[in-house]
Amino acid sequence: MEKQTFENVWQALEDSPAEAANMSMRASLLIAIEQKVKSWKVTQSEAARRLKISQPRLNDLLRGRVGNFSLDALIALAAEAGLSVRLEIAEAA
């Protein structure tokens, strides 16, 4: 069996490079939002109110359930959290 190497876990898990890139971006955004929320040191209900989402939705975010969030939804949550999101485009390796 030939050993395969991947740049990130999403390349190993997803069916296409496009899906892997999407999941990688979603995971990065989710982690950044989670870190921001935790830095607030507030209750989950207050954090959910600040993000304008329900507490169960916040719980999904804090538990890292990246599959429950679209890229668009995470960008919107990042904006609500006071984060700026930028896209970097480069030639594929």
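It should be noted that the structure appears before, not after, this text.
Residues numbered from 1 in each chain as written. Predicted model: local features only at pLDDT ≥ 70, side-chain atom pairs only at ≥ 80, totals over all residues. Heavy atoms only, no water.

**Student:** Sorry, what's going on with a nonpolar patch on the surface here?
**Tutor:** Together, Met-25, Leu-87 and Ile-89 line one region of the surface with nonpolar side chains, adding up to about 350 Å² of accessible area. The residue Leu-87 is located in the segment after helix H5 (71-80) in this model. (Patch = residues over 30% accessible without salt bridge, like charges linked within 9 Å, V, L, I, M, F, W, Y side chains within 5 Å. Areas by Shrake-Rupley, 256 points an atom, 1.4 Å probe, with all protein chains shown as cover. Salt bridge = Lys/Arg side-chain N within 4 Å of Asp/Glu carboxyl O. Helix = DSSP H or I, 4+ residues; strand = E, 2+ residues; numbered from the N terminus.)

**Student:** How do you make sense of unusual backbone geometry when you look at a structure like this?
**Tutor:** For residues other than glycine, phi is negative in most cases, and the peptide bonds are mostly trans. Its identity as a non-glycine residue notwithstanding, Lys-41 has a phi of 55 degrees, on the positive side. Residues other than glycine seldom take positive phi values, yet Lys-52 does so here, at roughly 60 degrees. For Lys-52, the position within the fold is in the loop between helix H3 (44-51) and helix H4 (55-62). A relative accessible area of 64% places Lys-52 in the exposed class. (Buried < 20%, exposed > 50% of the residue type's maximum accessible area, 1.4 Å probe, protein only.)

**Student:** Looking at this structure, how should I read H4?
**Tutor:** Think of an α-helix as turning once every 3.6 residues; residues three or four places apart then point the same way. The set of residues buried in H4 consists of Leu-58, Asp-60 and Leu-61. The buried residues of H4 occupy one face: seen down the axis, they fall within an arc of 155 degrees. Contacts from the buried residues of H4 go to helix H2 (17-40), H3 and H5. Two residues or fewer after H4 comes Gly-64, characterised by a positive phi angle close to 75 degrees. (Arc of directions from axis to C-beta. Contact = heavy atoms within 4.5 Å.)

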